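Here is what each chain is made of, one letter per residue.
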Amino acid sequence: LDGLVGQCGGMERIRSTPLPIVYVSHLRSYLLIALLLMPFVFEQSWLWGTIPTVALVSVAFLGVESAASECESPFQLRPNHLKMEAFCHALFENVSQILVDSLDDARHNPHPPETTNGENVHYKRAASMREM
C-alpha cells in the first residue's frame, strides 16, 4: 500500500509541475531562428536542393517540438494522453481482487499458503503487482 501511495504521489508531482515558460520560449525561439537562418547558410552549397532540405528539416524539428509539448503534461483529457481513469479503474479492480482473495484464504485457512521455496503466495502476488 505504501508503494501504491508513493506511485500516486509521483504521478501527481509530474502532473502539477510544468516546464518553466522561460525554458519553453527559449527553446522555441532558438528553433525558429535556426530554421529561418538555415536557407541562408546552406544556399551556396546546396543551391536548389536547399528548399526541400530545409522543408524536411523544419518538419522534423517542429514535429519533435510538438511531441515534446504534448508529452509535457501527459495526464490531460486529450486523445494522445494517458487514460488515467482506465488505469485507476484496472488498478482498483486488481487491488480489490487481491484483498478479497486474501480475506477468503484467511477465513478458510488460518495458516497462509506457502510456495515451494517457503514464500507467502500473497506476498509474491503483491510483489508482482509492484513490478507492473
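Colleague: So what about the pattern of salt bridges? Which residues, and what values?
Modeller: According to the stated counting rule, one finds one salt bridge in the structure shown. Measuring nitrogen to oxygen at the nearest pair gives 2.6 Å for the salt bridge that ties glutamate 65 to arginine 28. Separated by 37 residues along the polypeptide, glutamate 65 in helix α3 (residues 50-71) and arginine 28 in helix α2 (residues 21-46) bring together distant segments of the chain. With relative accessibility at 38%, the residue arginine 28 sits in the partly exposed group.

Colleague: An account of α2 is requested, with residue identities and associated values reported.
Modeller: Taking 1.5 Å of rise per residue, 26 residues should cover 38 Å, and α2 covers 36 Å from first to last C-alpha, within 8% of that figure. The largest bend in α2 comes to about 35 degrees, at leucine 37, with the proline proline 39 one to four residues further on. Within α2, the full set of buried residues consists of Val24, Leu31, Leu35 and Met38. Buried residues along α2 sit against α3. Of the residues trailing α2, leucine 47 is marked for its positive phi of about 50 degrees.

Thresholds applied
Residues numbered from 1 in each chain as written. Predicted model: local features only at pLDDT ≥ 70, side-chain atom pairs only at ≥ 80, totals over all residues. Heavy atoms only, no water. Salt bridge = Lys/Arg side-chain N within 4 Å of Asp/Glu carboxyl O. Helix = DSSP H or I, 4+ residues; strand = E, 2+ residues; numbered from the N terminus. Buried < 20%, exposed > 50% of the residue type's maximum accessible area, 1.4 Å probe, protein only. Expected span 1.5 Å × (residues − 1). Bend = angle between axes of the 7 residues up to and from the residue. Contact = heavy atoms within 4.5 Å.

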